[in-house]
Amino acid sequence: MNCASKTLFSSSYICQFTVSIRLVTLWFASRAVSGEVPVEPMVSKKTGLLYEKRLIERHISDYGKCPVTGEPHTIDDIVAIKTGKIVKPKPLHTASIPGLLGAFQTEWDSLMLTNFSLEQQLHTARQELSHALYQHDAACRVIARLKKERDEARQLLSEAERQLPAAPEAATANATLSNGKRAADGGEQGPDAKKMRLGISTEVITELTDCNAALSQQRKKRQIPPTLASIDALEKFTQLSSHPLHKTNKPGIFSMDILHSKDVIATGGIDTTAVLFDRASGQILSTLTGHSKKVTSIKFVGDTDLVLTASSDKTVRIWGSSEDGNYACRHTLKDHSAEVRAVTVHATNKYFVSASLDSTWCFYDMSSGLCLAQVTDDSEKVDYTAAAFHPDGLILGTGTAQSIVKIWDVKSQANVAKFGGHTGEITSVSFSENGYFLATAALDGVRLWDLRKLKNFRTFEFPDANSVEFDHSGSYLGIAASDIRVFQTASVKAEWNPVKTLPDLSGTGKATCVKFGPDAKYVAVGSMDRNLRIFALTIVNVLIFLYLLRDLFTSSSSSSSSSHRIISAQLRYIKEAREIRLAMQPLELIKRVKEIQQEASTGHETDVKQNTEAVDLSKRRKAFLPTNEESSLKALEEWRKRKMERARQRDLEKTGGVSSSKTS
């Protein structure tokens, strides 16, 4: 019995072992070689076992046999099996609450680690940014210091260059001994001592005389250019553009000049800067900074790349263009002891004059910045506020704060004529191109002087006239005061007729400077705001002007009476349209509202009354606008009807003329 039971037990044990071996084999087969469920299953044709594609292909290529049975295999002996997407089941421990809490804790730890690493990266980036900003700030400070040192070195160099020619004379003058001691230097001689000047040499005088002779011969042959803007064109000038060139905290354009060859406008502002503006492109070319007070005068030096500026800081600066297109200060001239009011360039473009409130005017050499002569009138002490060269270059006109106009001979620096009659400070002087007339502006208006008879022949009473300017051809005269007036020039006995009145659109009531563009194609105006305004023909005006010219030439084939009638009718249309456009703008009400609102800030007691007046005027304006618009629309409708009727009549006249010609 024991033997039989042992035999039975051993046989059952062998069977169980065989089954377990088979199960292990199947498990290995189902899990391929990696021990994981195959992602891309493949089956063997010979053994029927299941494998992972990437593993069985690598094993066959390396060993050439089945990894389980060891039978020889090739790639052709295995076949891919199509299966659905395998979703791996979650582990059993994640199905319990402790397992879920553990999973959540793991995720939270991972999130905290990620957040910590991000905070570290942010802290590092902030440190790098602060370091870069510190380096940038340090570099800016170094650059500013180097620029300051460069400017100081340039200034010292320019002063040394100006003093070098006078060194021998100064040494000779200081060589005189007094009580065995050398005389004091010029800078220590007291406030009344004058600096040594070389004077205007005979070579310079010869050059000025030759220039005068050449210009006089050219002026005799001078003719008005055919491209000059006509009176009809000037009458149609309106504001074409407005350009804010200067700072808002210190608004005001005090001086202006135009380089006609390049159509570049230079302005000097109360904000201590000068701006070079390209009118064609509407872009600022360069901003000249260096003065510490307002720029009182600015001039181009012919067609060169030089610009002169004068300032209330008692200096004159010569600016030159650099390779990058910007302008740098080449010379800073400090020969005046008070505010410099004007600079004017000689026709040779080699010399210029500055006029100052220190009762002197200086004659400079342009290339070296050396003051050749500093002139004062010993007969009377006057403060110079304006200056201009005669077109021929041998006469200098100056205006003073004592209402006197003085004419100087440049060669001898002698006062040859003196004009009185103005009231208040002379603000501007301008010579006509023909050299016969001098225009002067002062607080009481503008006066015209005949230089041949040295007398005043005409007066324009414009209070607070700030600027007067002849155009380059001498055909027009511009005056800047509370508005801008343009006159047609004439002879001494003929009437100087007004051509156009341009309003001061700045709202300040003070136009400070006026200049004519090339061939008087536009008028540039500076005011006490920061805007440069250009007045010219607008596109609408140009089209109307061309339309009139076309009708003028096409109507020459018809009868003279009908053409005259058509042209007069067209002019009447334009006049009516202009009147309608002006009628739609209540300018007086708008101006009065602005005045009251500006005056409203002066006192608390007057605020209530002025604000009430402003509100009343605003209500009147609002009440006026609908009525005005309605009347304007009616007028426009009537004008369109009349225009259509007259066009129909012209067509009938043309048709009748054609039929009569055929009949004849």
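Residues numbered from 1 in each chain as written. Predicted model: local features only at pLDDT ≥ 70, side-chain atom pairs only at ≥ 80, totals over all residues. Heavy atoms only, no water.

- Under an unreviewed UniProt entry, the name given to the protein chain is Pre-mRNA-processing factor 19, and the source organism is Brassica napus.
- Here the protein chain is described in UniProt, under the heading Subunit (unreviewed entry), as follows: "Homotetramer."
- UniProt lists a comment for the protein chain under the heading Subcellular location (unreviewed entry), and it reads "Nucleus". (UniProt positions renumbered as here; feature names shortened; annotations may be inferred.)

Details of the nonpolar core
Working step 1: Core analysis: the largest hydrophobic core is formed by 21 residues, its most contacted members being L208, W361, F363 and L396.
Working step 2: Looking at this core, the elements with two or more residues in it are α5 (202–220), β16 (351–356), β17 (361–365), β18 (371–375) and β19 (384–389).
Working step 3: Sequence-distant contacts of F363, defined by excluding residues within four places in its chain, comprise I200, V204, L208, Y351, F352, V353, L370, C371, L372, A373, F389 and V410.
Working step 4: Judged by nonpolar contacts, the second largest core, of 17 residues, contains L234, Y476, A480 and A511. (Core = buried A, V, L, I, M, F, W, Y, C linked by side-chain atoms within 4.5 Å. Buried < 20%, exposed > 50% of the residue type's maximum accessible area, 1.4 Å probe, protein only. Helix = DSSP H or I, 4+ residues; strand = E, 2+ residues; numbered from the N terminus. Contact = heavy atoms within 4.5 Å.)

Side note on the sheet that holds strand β33 (residues 531–536)
The strands making up a sheet are joined through hydrogen bonds of the backbone, oriented either antiparallel or parallel.
Working step 1: Reading across from one edge, β6-β33-β32-β31 is the order of the four strands in this open sheet, with antiparallel pairing throughout. Of all strands in the sheet, those bounded by a partner on one side alone are β6 (238–244) and β31 (511–516). On average, each strand axis in the sheet is tilted by 20° relative to the strand beside it, whichever way the strands run.
Working step 2: Note that strand β32 (residues 522–527) and β33 share five bridges and pair antiparallel. Across the sheet, residue G526 finds its bridge partner in β33, namely L532. (Pairing = 2+ DSSP bridges. Axes fitted to C-alpha atoms, helices over the stretch in contact; angles between N-to-C directions.)

Focus on the side chain of S44
Working step 1: Within the element layout of this structure, S44 appears in strand β1 (residues 41–44).
Working step 2: For S44, the side chain forms a polar contact with the main-chain nitrogen of K46, separated by 3.3 Å.
Working step 3: Those residues within four positions of S44 in sequence are excluded, and the remaining contacts are L49, Y51, H73, D77 and I78. (Polar contact = N/O pair within 3.5 Å; in protein donor to acceptor, adjacent residues only side chain to side chain.)

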